[in-house]
Each structure stands twice: as C-alpha cells, then as structure tokens.
Amino acid sequence: MAATLKRELRDIIQYRNAYFLAVSATMGYACFGWEIGLIGGVLALPSFEEYFGLLSESASARASLSANIVSVLQGGGFFGALFSTYFANRFGRKPALLASGVVYLIGSIIQSTAGIGMSPAVGLKVLFFSRFLSGMGVGLISAMVPTYVSECAPRAIRGRCTGCIEVAVGLGNMLAFWVNYSVSLNISPGQMQWRLPIIVQIVPGALFLFFMLFQPESPRWLVERGRYEEAAAALGYIASKNQDDAAVVLTLSEIRADFIGKHKLPLLTQFRKMGESRIILLRCIIPSIATFFQQWSGTNAINYYAPQIFAGLGFSSVSLELFATGIYGVVKFVMTLITLAFVIESWGRKRTLIYGGLAQGLMMLWIGGYAGAHPNQGVVAGTYVSVVAVYLFGISFCLGWGFTPLVLGSEVAPGHLRTAVMSLATANTWLFTYVIAQVTPIMLDHITYGTYLVFGVASFIMAAWVYIFIPETTGYPLEDIKYLFERDIIIRSLQDAPLGRIFLGKRRAVPVEELKAADTLPVNSPKEISEESRLEDASAQSHSLRGSNSQRWEDPLII
C-alpha cells in the first residue's frame, strides 16, 4: 500500500503539467454537466411556469414544452459536434476550444436575460434560441476535449486524464442540483428564483476559458502540420521533461512515423478513409457504438427528469424531490472521483464497462420492478430502497459507462482520423441524448415502470458487447492500439475478459509485440521514403529500448 501511494505521488509530481492540462480542458465538460443538471430543477419550479404563463396550459402541453426546452440544447450540441472536426483540424485544438467557450458564454448570458422586457411568448423563443446557442458551444467542447486530452495525456495516466471529463460532468451536475435546491428554499418565488441557477452557469465557462489560455497545442496536431519543434516543446511540457530528452525524441519519432502520408487530410478525405479497410472501419465505429449504448443506460433520463422520477417513486414535495436529486449528484460525483483515482487504470477499460453495465442493469430492473408492483403508493419502506437503487445506479454508471466510452473511443480511433471519428461519436451522443430527452416523459407516462426495464435490458446488452468484441486498450501507446484489431479480435477480447479464457481452450491471440515486429511499412512516394529513412534510426532506438521488456508500463514512450 505504501509503495503504491509513493508511486502515485511520484506520478502526480512527474505529470503535474499533464494533470493541469486535463483539468483545464475538462472544465468545459463542467459546463455540459451544469446544463444537463440545471434544467430539470428549473422546470420543476412553479416560479418558472408562472413567469412564462405555463400554469394555464394543460399537463400534456407543459410536458411537451418541457421536453422541447430540454432537448433544444441537444439540437445545438449535435450540430456543434459535427462542425468541430473542421474547426479543430483547420485552426488547431486549442483555438477551437477557446472559441467554443466564447459561444457557450454568449448563449448562457442570453439565457439568463430571457424574458426581460418582452412578452412570455417572445421570452420563450429567446430561451429556445439561447439554449440552442449554448448547446452549440457545449457540443463543440464535448467533441474536441476527448481528442485534445487523449492526444496530450501521458499514456500511463491517459485513462485518468480523459476520465476527468466525467468528474467535470459530475461536478457540474452536483452543483446545479444543489443550486436548484437552494433557490427553491432560500429565494422567494419570482424570476430571480429560476434565473440565478442559469446565471451561475457562466462561472465554469469563464474558468474554462481562463485555464485554457495557459495550455499548449496538441503535439499530434502540430506534427500533422509539420511543426516539429513546437510539438517537441509541447511533449516536454506535458511530461515535465526537456524537449531533447530521449523519451520526448522517441515519442515524437513514433508520432511522425504514424502520420507519414497522412498529413493535413481534407475533411471529406478523412470521412472517406474511415472505410478504407475493415480494421479502420471497425476502429472508427466503436466510439459511436459505445456512446450510443451510453445514452441507453438511462443516465440522462435521470439527469433531466430526476425530480419527476423521484415523484413517481412517492415523493410529493418539490423541495424533497430536489433534495433527493441533489444527493444523487453528490453520490455520482464522489464515485467518479473514486473510480478515477483507483479503478480506471487498475481495472482497465474493459472490466469497468462490463462490471458497471451489469450492476446498473440490475438497479434499473429493481426500480422498474418496484414501480410496477407499487404504483402511486406514496412513501413507504420500499420507496427508500428504490431511492437507494437510483443512487446505486449512479455509482454503477460512474464505475464504467460514465466516462470509459470516451476514454476507449479516443484511444481506439485512428490518429489521422481521430477528430472526425470523435466528432461523429459526440454527435451521436447528442442525437440520442435528444431522443432520450424526448421519449423519457412519454415512456414514463405510457409504459411507466417499463421505462426502467428497457434501460436495464440495454445495460446487459452493452456489457455483453464489450465482453465479446472489445479488447483491453489500457497501457498501450496510441500508435500501438491498431495492432489490437489486426488479427483474432474476438479471441483477444475474450482473452482480456473476466473468465473469458474458459471459452478459448488453448487458443490465444498473437501478442502485440509479435504483430509490431512483423509490421512492414507500405510503399510510399520518394518524399515519404526519405522521411521514413530519417525516422529509421529513432525507431530502431525505440525498439531496442522497448524490446527487452514486455511490460507495457515500462515503455519509455510518453504518450
């Protein structure tokens, strides 16, 4: 235990700049977490409904309007994620992230002033527009941050750095839940009661912009643009080493070798190259499949409609519903921190997704079973058990499907296509977040407890998908992950799965080192062959340092 803590402390000191970079970039996801945690509580406040004249509307009309207010953010996020590829490739990761932060702030400021000096009908239109604009900013951020962090983070802590995304989401969620609860208790009904939570969401956006000013550009983007000196300086900063250090030189040579013949690919070419081979296509669709499954876990149904869900379990007071929702935010945030610190690197990507999927599926089945057996019964002993099940769902989600899909997706995506692949995966997230936001109130109204059963079955399916089809990526340099998909994908996936070798007998996948040793570079143009020759010595030195040690963690490469 003491040795582990000593090693962790050493890593924190060694990679202090990388951790600061991860915290700075993922602060943008705090904006995302605040947005999705904020609106459900605001919509539950009678002062909001009264201000915009909704109390005279029918229950179905209010439910439809609430779904539209929630989901218009996803519409903006979807288009923001799609546009992110162009901006991130054309201008660089850092400038695009700074611009997205400005868009988010403008949208938040307009949201906070919606309805002032105008009729309720016009005020609602302004609210819709401003939430769409904020969604554009958050969509850009959500697509680019995983790519930026994975391209910058040292591989020894890459899971933790990318996992900071879910910590930031949880932080934003938790703070938004408690601000909603506080205003419901401490601010008298009126427009400031619902405006204040919207105003406060400006704070994480401002912090994101401020911290990102001090961060470097992605070294992989710099290499793609032929700016090798700047890339070396960025690598040195990230690892707290001199840019002439052997580890920096070797890492830079591997990145340069990976980009030979793939520099400055046009946007349409990137999308076309996703289908150039079966292996590339598989690596490109895995992030989108993972984010699709993530949305069908039911997490955003709880994030957006937690007050209504707790009301369906028997709570009747708005303040009590918001209090239970606030506790849910705290539980998720604390569990995310624990997972980030102790689980993501030790368990790996695969185990966290399998165990998390199975546990959250069981919790959803319990909630659905209770809701079906005890409809409209009020608060009884079983109600508290079901509330605990909601919290245990949050713990299970944070254990696996909370942030591991983004970690896995950013690792699996090919380097020269990563921004395009992650923009599609993030757009997919926003699309199905929109779908979930639209269908959840309808499902809760029509199939009631069946809603939870759907999410529970989906969780078991996603766990099975990871078990059979996804190999473990933890500990491999980004440039080596392609070898995990070269041959024997299902065998390798079962080999990496808990008890998976039972199904394999004596069959085993070809080790990555053997595949890498057998790998030969394709025939290229004379210019590219010359480039390969210049990198040959560095690559040979890299293999000599790495070949004597089969343990991935002792590899001298930085990222």
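Starting from 1, residues in each chain are numbered consecutively following that chain's sequence as written. Local features in this predicted model are restricted to residues of pLDDT 70 or higher, and side-chain atom pairs are both shown and tallied only at a pLDDT of 80 or more, whereas totals for entire chains, interfaces and linings draw on every residue. Values shown for side chains rest on all heavy atoms present in the structure; no hydrogens or waters enter the calculation.

**Some words on the overall build of the protein chain**
Convention followed: In DSSP terms, a helix is any run of H or I states spanning at least four residues, a strand is any run of E spanning at least two, and both are numbered starting from the N terminus. Think of it in three bands: with a 1.4 Å probe and only protein chains considered, a residue is buried below 20% of the maximum accessible area for its type, exposed above 50%, and partly exposed in between. Contacts are assigned to residue pairs with any non-hydrogen atoms lying within 4.5 Å of each other. Methods summary: accessible areas were calculated by the Shrake-Rupley approach with a probe of 1.4 Å, and residue burial reflects only the protein chains presented.
Within the protein chain, the regular secondary structure consists of 23 helices and 0 strands. By the burial criterion, 59% of the 559 residues in the protein chain qualify as buried. At a minimum sequence separation of 6, the contacts of the protein chain that also span at least 24 residues come to 82%. Accessible surface computed for the protein chain: about 21,700 Å², of which carbon and sulfur atoms make up 67%.

**A closer look at the packing of helix H20 (residues 450-469) against helix H21 (residues 489-496)**
How we decide: Helix axes use the C-alpha atoms of the stretch in contact, all axes being lines fitted to C-alpha atoms, and the angles between their N-to-C directions lie in the range 0 to 180 degrees. An angle counts as roughly parallel when it lies under 35 degrees, as roughly antiparallel when it exceeds 145, as roughly perpendicular when it falls between 65 and 115, and as oblique in every other case.
Interhelical geometry of H20 versus H21 gives an angle of 110° and a closest axis separation of 6 Å. Classified by the angle between their axes, H20 and H21 sit roughly perpendicular to one another. Note on element contacts: H21 touches H20 through Ile489, Ile490, Ser493 and Leu494, opposite Tyr467, Ile468 and Phe469.

**Considering the confidence of the model for the protein chain**
This is how the line gets drawn: pLDDT measures the predictor's confidence residue by residue and takes values from 0 up to 100.
Chain-level pLDDT for the protein chain is 85 on average; 89% of the residues reach the 70-or-more range. For the stretch residues 535-555, pLDDT sits under 50, and the model shows 32 contacts to residues farther than four places along the chain or on other chains.

**Side note on the nonpolar core**
To keep it simple, the criterion reads: What we call a nonpolar core is a set of buried Ala, Val, Leu, Ile, Met, Phe, Trp, Tyr and Cys residues that are connected through their side-chain atoms within 4.5 Å.
Counting 55 residues, the largest nonpolar core has Trp401, Trp465 and Phe485 as the members making the most contacts within it. Among residues more than four places away in sequence, those in contact with Trp401 are Ala290, Phe293, Gln294, Leu353, Gly356, Gly357, Gln360, Met462, Trp465 and Val466. Counting residues in each nonpolar core, the second largest holds 51 residues, with Ala22, Ala30, Leu105 and Met174 among its members.

**Description of the packing of aromatic side chains**
To be explicit about the condition: Side-chain rings of Phe, Tyr and Trp, where Trp is taken by its six-membered ring, are said to pair if the distance between their centres is within 6.5 Å; with planes under 30 degrees apart they count as stacked, over 60 as edge-to-face, and otherwise as tilted. Whether a charge sits over a ring comes down to the Lys NZ or Arg CZ being within 6 Å of the ring centre and within 35 degrees of the ring normal.
Counted according to the given criterion, the structure contains 26 aromatic pairs. Here the aromatic rings of Phe78 and Phe79 are separated by 5.3 Å at their centres, their planes lie at 80°, and the arrangement is edge-to-face. Given a relative accessible area of 22%, Phe78 falls into the partly exposed group. A relative accessible area of 37% means that Phe79 is categorised as partly exposed. When the ring of Phe292 is compared with that of Phe293, the centres are 5.7 Å apart and the planes differ by 55°; the resulting orientation is tilted. Put simply, the rings of Phe292, Phe293, Trp401, Phe432 and Trp465 pair up and form one aromatic cluster. Taking NZ or CZ as reference, Arg256 lies 3.8 Å from the ring centre of Tyr228, over its face.

**What about a nonpolar patch on the surface?**
Put simply, the rule reads: Residues enter a patch when their relative accessible area is above 30% and they make no salt bridge; the linking distance is 9 Å between like charges and 5 Å between nonpolar side chains (Val, Leu, Ile, Met, Phe, Trp, Tyr). Any Lys or Arg side-chain nitrogen located within 4 Å of an Asp or Glu carboxyl oxygen qualifies as a salt bridge.
Residues Phe79, Leu82, Phe83, Tyr86, Phe87, Phe91, Leu267, Phe271 and Leu424 make up a contiguous nonpolar surface patch of about 740 Å² in total accessible area. When contributions to the nonpolar patch are tallied by element, the ones reaching two or more residues are helix H4 (59-91) and helix H13 (267-273). Ranked by the residues each element gives to the nonpolar patch, the list is headed by H4, at 6 residues. Inspection of the secondary structure puts Leu82 in helix H4.

**Quick word on the side chain of Glu151**
Note the following rule: Whenever two N or O atoms come within 3.5 Å, that pair is a polar contact, provided that in protein one can donate a hydrogen and the other can accept it, and provided that, for residues adjacent in sequence, both atoms are side-chain atoms.
Inspection of the secondary structure assignment puts Glu151 in helix H6 (residues 120-152). At a separation of 2.6 Å, a polar atom in the side chain of Glu151 contacts the side chain of Ser218.

**Comments concerning the side chain of Thr352**
Note that Thr352 resides in helix H16 (residues 318-373). Non-local contacts of Thr352, meaning those with residues more than four positions away in its chain, are made with Val343, Ile344, Trp347, Leu399, Gly400 and Thr404.

**So, unusual backbone geometry**
For residues other than glycine, phi is negative in most cases, and the peptide bonds are mostly trans. In this structure, Asp488 takes a positive phi of about 55° despite not being glycine. Its place among the elements puts Asp488 in the loop between H20 and H21. Accessibility expressed as a relative area gives 28% for Asp488, which makes it partly exposed. Not every positive phi belongs to a glycine, and Leu499 is a case in point at roughly 60°. Relative to the elements of secondary structure, Leu499 occurs in the loop between H21 and helix H22 (512-518).

**Here we look at the state of the cysteines**
For the record, the criterion: In plain terms, two cysteine sulfur atoms within 2.5 Å form what is called a disulfide here.
Applying the stated rule across the entire model yields 0 disulfides. Not part of a disulfide, Cys152 finds its nearest cysteine sulfur in Cys161, a span of 9.5 Å. Take Cys161: it sits in no disulfide, and the sulfur closest to it among the cysteines is that of Cys164, at 5.9 Å. A relative accessible area of 1% means that Cys161 is categorised as buried.

**Details of the pattern of salt bridges**
Within the structure shown, the criterion is met by 12 salt bridges. In this structure, the salt-bridge partner of Arg93 is Glu151, at a minimum N-O distance of 3.0 Å. With a gap of 58 residues between them, Arg93 in helix H5 (residues 93-113) and Glu151 in helix H6 connect regions that are remote in the sequence. Across the pair, Glu151 and Arg93 agree in class, each one buried. The partner of Glu224 in a salt bridge is Arg225, with the nearest N and O atoms 3.8 Å apart. Taken together, the shared-partner salt bridges connect Arg93, Glu151 and Arg418 into one network.

**Structural notes on the packing of H6 against helix H19 (residues 418-446)**
We apply this condition: Each helix crossing is assigned a hand: it is left-handed if the near helix lies turned anticlockwise from the far helix by less than a right angle, otherwise right-handed if that turn is clockwise.
Remark: H6 packs on H19, axes separated minimally by 9 Å, with the N-to-C direction vectors making an angle of 140°. Of the possible angle classes, the one that applies to H6 and H19 is oblique. Relative to H19, the crossing made by H6 is right-handed. Contact with H6, carried on its side by Val138, Gly139, Ser142, Ala143, Pro146, Thr147, Ser150 and Glu151, involves Arg418, Thr419, Met422, Ser423, Thr426 and Trp430 of H19 and no other residues of that element.

**Thoughts on helix H11 (residues 228-239)**
We count it as follows: Any helix carries an expected span of 1.5 Å times its number of residues minus one.
The terminal C-alpha atoms of H11, which comprises 12 residues, lie 16 Å apart, in line with the 16 Å expected from a rise of 1.5 Å per residue. Where H11 is concerned, the buried positions are Ala231, Ala232, Ala234, Leu235, Gly236, Ile238 and Ala239. Positive phi appears at Ser240, one or two residues downstream of H11, with a value of about 55°.

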